[in-house]
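Each chain, letter by letter, is given below.
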Amino acid sequence: MNAQALRFVPPGTLPRNGTVKGACPHDCPDTCALHITVENGVAVKVGGDPDHPPTHGALCTKVARYPERTYHAQRLLQPMRRVGRKGQGRFEPISWDEALATIASRLQAIARVDPQAILPYSYAGTMGYVQGEGMAGRFFNRLGASRLDRTICAAAGGAGLIHTLGAKVGMDVEAFEQSRLILIWGSNSITSNLHFWTFAQRAKRQGARLIAIDPLRTDTAEKCHQHIALRPGSDAALALAMAHVLIREDLLDHDYIAQHTLGFEALAARAAQYPPERAAALCGIDAQVIIELAREYGRTRPAAIRLNYGVQRTHGGANAVRAVACLPALVGAWREPAGGLLLSSSAMMPERADLERPELAPAGERRVVNMSTIGDALTQDDRLRALVVYNSNPVAVAPESEKVIAGFAREDLFTVVIEHFQTDTADFADILLPATTQLEHFDLHKTYGHWYLMANEPAIAPLGQARSNSEIFRQLASAMGFTEPALQASDEALAREAIDWSHPRLAGESLESVRAAGWVRLKIASAPFAQGGFPTPSGRCEFHSDRLAALGLDPLPDYLPPYEAPTAQYPLSCLSPPGRNFMNSTFVNIESLRGRDPEPACMLHPQDAAERGISDGQMLRVFNERGAFEARAQVSDRARPGVVAAWGVWWHKLAPGGRNVNAVTSQKLTDLGAGPTFYDCHVQVEPVLALQVGAQVPDLGK
Ligand SMILES: Nc1nc2c(c(=O)[nH]1)N[C@H]1C(S)=C(S)[C@@H](COP(=O)(O)OP(=O)(O)OC[C@H]3O[C@@H](n4cnc5c(=O)[nH]c(N)nc54)[C@H](O)[C@@H]3O)O[C@H]1N2
Ligand SMILES: Nc1nc2c(c(=O)[nH]1)N[C@H]1C(S)=C(S)[C@@H](COP(=O)(O)OP(=O)(O)OC[C@H]3O[C@@H](n4cnc5c(=O)[nH]c(N)nc54)[C@H](O)[C@@H]3O)O[C@H]1N2
Ligand SMILES: [Mo]
């Protein structure tokens, strides 16, 4: 395939026929480069760019369906106003002028009394600088709204990395191909990071060993040479015991430790408390497995760790990431390009800190609301009077659904939702606004799983009356009477202002060159920490963190037991990892994908099933004191005994019984970063008798 044959369209022109360069907007480490084929003004195909190394011409099943999603009959195509009760999902069409005027007058009335009674709620429905927080952030800064702490995904792991390596930095995903040993730790890569898996497979073909560390024998674990099925939330104990063995057997890189780390003696003292036998008991695995894992890790070069966020969704999530992130420095794995660790490399992107123009905000501190406890915030904090939701579906994805739903159902809460579809959250909107999809708007994309900056050109005109997020916030700013030019910056200006173009990692590049090529690789040394130079205060990998000590916290990584232990009432640990055919709650409403995953499934071990008289394929009720949901039993020894797994975040209203797995998850927060603890959750499971299906849980208000 060559560029000529594809008839690429120059940036900024909508083709009648031709190929447009795009970027996948989703919250995924792969951020693929897209080729969008347009015929007679219609986007007929979305494919992967064969020349973009991380994408290597392949897309996941979901994003290959992007045209189906974009042209879906249920796309929201006009602004609407609520006519039914909150949550009922009944709306009538209104004009854009009326929608904007209504929102402006409601927000103005609230802001006159207390601007911090208004809260934006958004996450990574799109990862772009322009359609993400670029203009929205400016608008809410100018308004002086409450600030949202965007913790729902990566806050604990981010804090763990920051307090060990200094920032979200990590290996080049392409270098994994040359690794000799790859630990795939808390990651079902085939589902959630497919393009990494290609590099891991190439390494495997060249003789590398792959080891999965995961409570479940996932599709990924199944294809590794070894699978270590530890208990959820026990990773820090495993990593500290590995350190214990590495130290005891002197499998260390003394020179690297002396030159590029801080606090080795203190870490050694901590690791001394975790002999393999103790960790084995905590992890529910054999001590010998830990000893051999440590030996293999200490003796194989280059050794790489693909850590993912699955490891940080329990009480001690940040400490777990900290403990694992110490390992590469102990053995000097960072010396080679194919050694080290990758969780997120987003801080390697040379972005500017002021895209959202903090100086537009009124003087004084503004309070912060944690998005992961929005249920409590809306039901207990009566200061909140208005929510503006975009790029997120909190009613489905936030923990402890009954509280979230009760909060969104408040009649006194003015709620604006900007969406592609009438999601669970949209059902609670007072005003529902139609947003453009990635095929219909321009954006510039940060990435966190590879080292490229990506551009997305619009391929088609907005469908119906859909408008882009950036356009909607510009128009809301005007409707509110805000006159600052920064609130009218064009999409192109926002993209230009997102990035520090003078940074050496982008030497010779410009917005124009990125747009023309579709993507550029950041200029980063192939083994970025071979000579240390970590972005910590000390410049070293900080086993011991003075910053944590100054906060009165444990300066060393440690194992923190999960909040929820098995009890007689709720004996089963409930995980809810990503589903292969969905992206969080996105795509759940796309029929062709649901055809592959027709209803929520819950995997459980044959022993746990037998004890409860459950057979494969039977409908289950999964419950605890917070709530209940229903799912089809998948009886399989891929689950550890005592662990059940409900895949994917379903829309409540598309799940039998009207509830998804977040009915049972809790709002407790992680050790550092105030992140959610989705996988720190215990439940009981029982078969549903035919007559009871759907009878247990109250509906969403219909
Ligand atoms: N298809 C698809 N891809 C996605 C997503 C999606 O929903 N669907 N979501 C995207 C998003 S938002 C994110 S944040 C990323 C990453 O999302 P992650 O949440 O990191 O998802 P996974 O890579 O599936 O890794 C989770 C794995 O961790 C395991 N796990 C659970 N608890 C523990 C534990 O305590 N210790 C260990 N070692 N393992 C544990 C689970 O069994 C599961 O196999 O994926 C992105 N990619
Ligand atoms: N139980 C459980 N819950 C979880 C998780 C889990 O593992 N288990 N994972 C958590 C994680 S890692 C994450 S990241 C969160 C994700 O939670 P969310 O960030 O809410 O992600 P999505 O569910 O994908 O919803 C994104 C929404 O944004 C909309 N959207 C996309 N692009 C645009 C746009 O350009 N404009 C506008 N206005 N809207 C747009 C989509 O239509 C979609 O409805 O969920 C969390 N929830
Ligand atoms: Mo996430």
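The structure presented is a predicted model; accordingly, all values stated were derived computationally and were not measured.

K.L.:
Got a minute to help me understand the site of ligand 2 in this structure?
P.N.:
Around ligand 2 sit 32 residues in total, of which Asn393, Glu419, Ser585, Thr586 and Asn662 are the nearest. Here a nitrogen atom of ligand 2 sits 3.1 Å away from a polar atom, N or O, in the side chain of asparagine 391. With respect to ligand 2, the side chain of serine 576 contributes an N or O atom lying 2.9 Å from a nitrogen atom. Its free accessible area being 930 Å², ligand 2 has 96% of it covered by the protein chains. Counted by class, the shell around ligand 2 contains 13 nonpolar, 15 polar and 4 charged residues.

K.L.:
Help me understand the pattern of salt bridges in this model?
P.N.:
Side chains carrying opposite charge are able to pair once their charged atoms draw close together. For the structure shown, the criterion picks out 48 salt bridges. Between arginine 142 and glutamate 484 there is a salt bridge, with the nearest N and O atoms lying 2.8 Å from each other. In this pair, arginine 142 sits in helix H5 (residues 130–143) while glutamate 484 sits in the loop between helix H19 (469–479) and helix H20 (491–498), placing the two residues 342 residues apart along the sequence. A relative accessible area of 23% means that glutamate 484 is categorised as partly exposed. Arginine 521 is the partner of aspartate 172 in a salt bridge, and the nearest nitrogen-oxygen pair spans 2.8 Å. Taken together, the positions of aspartate 172 in the loop between helix H6 (155–162) and strand S8 (181–185) and arginine 521 in strand S20 (residues 519–521) put the pair 349 residues apart, joining distant regions of the chain. One network of salt bridges, with partners in common, ties together Arg217, Asp219, Glu222, Arg580, Asp637 and Arg638.

K.L.:
Explain the nonpolar core here, please?
P.N.:
Nonpolar side chains in soluble globular proteins generally cluster together in the buried interior. In this structure, Trp185, Tyr297 and Leu330 are the most contacted members of the largest nonpolar core, which totals 184 residues. Once residues lying within four places of it in the same chain are set aside, the contact partners of leucine 330 are Ala243, Leu246, Leu252, Asp253, Ile257, Phe264, Leu267 and Phe543.

K.L.:
Sorry, what's going on with unusual backbone geometry here?
P.N.:
Phi is mostly negative for residues that are not glycine, and the peptide bonds are mostly trans. Cis geometry is found at the peptide bond from arginine 301 to proline 302, where omega equals -15°. Examined against the element boundaries, proline 302 turns out to sit in the loop between helix H14 (287–299) and strand S12 (303–307). Although it is not a glycine, asparagine 584 sits at a positive phi angle of roughly 50°. Taking relative accessible area as the criterion, asparagine 584 reaches 40% and is therefore assigned partly exposed. One non-glycine residue, phenylalanine 587, lies in the positive phi region at around 80°. Among the structural elements, phenylalanine 587 can be located in the loop between strand S22 (572–575) and helix H23 (591–594). The buried category is assigned to phenylalanine 587, whose relative accessible area is 1%.

K.L.:
Explain the site of ligand 1 to me, please; I cannot follow it from the model alone.
P.N.:
Close contacts around ligand 1 come from 31 residues, with Ser192, Asp214, Asp235, Phe582 and Asn584 the closest. Contact distances for ligand 1 include 3.0 Å between an oxygen atom and a backbone N or O atom of asparagine 188. In the environment of ligand 1, an oxygen atom lies 2.7 Å from a nitrogen or oxygen atom belonging to the backbone of asparagine 584. Computed on the free molecule, ligand 1 has an accessible area of 910 Å², of which 98% lies beneath the protein chains in the complex. Taken together, the residues that form the shell around ligand 1 break down as 14 nonpolar, 11 polar and 6 charged.

K.L.:
How should the sheet that holds strand S19 (residues 452–456) be read in this particular structure?
P.N.:
To summarise the sheet geometry, strands pair through backbone hydrogen bonds and adopt either a parallel or an antiparallel arrangement. The 3 strands lie next to each other as S18-S19-S20, forming an open sheet whose pairing is antiparallel. For this open sheet the edge positions go to strand S18 (443–445) and S20, each flanked by a neighbour on one side alone. Averaged over all adjacent pairs, the angle separating strand axes in this sheet is 10°, with direction ignored. Pairing analysis gives 3 bridges linking S19 to S20, with the strands arranged antiparallel. From the neighbouring strand, leucine 453 faces S20, where its bridge partner is valine 520.

Reading guide: rules and limits
Residues numbered from 1 in each chain as written. Chains lettered and ligands numbered in written order. Predicted model: local features only at pLDDT ≥ 70, side-chain atom pairs only at ≥ 80, totals over all residues. Heavy atoms only, no water. Near = heavy atom within 4 Å. Polar contact = N/O pair within 3.5 Å; in protein donor to acceptor, adjacent residues only side chain to side chain. Areas by Shrake-Rupley, 256 points an atom, 1.4 Å probe, with all protein chains shown as cover. Nonpolar A, V, L, I, M, F, W, Y, C, P; charged D, E, K, R; others polar. Salt bridge = Lys/Arg side-chain N within 4 Å of Asp/Glu carboxyl O. Helix = DSSP H or I, 4+ residues; strand = E, 2+ residues; numbered from the N terminus. Buried < 20%, exposed > 50% of the residue type's maximum accessible area, 1.4 Å probe, protein only. Core = buried A, V, L, I, M, F, W, Y, C linked by side-chain atoms within 4.5 Å. Contact = heavy atoms within 4.5 Å. Pairing = 2+ DSSP bridges. Axes fitted to C-alpha atoms, helices over the stretch in contact; angles between N-to-C directions.

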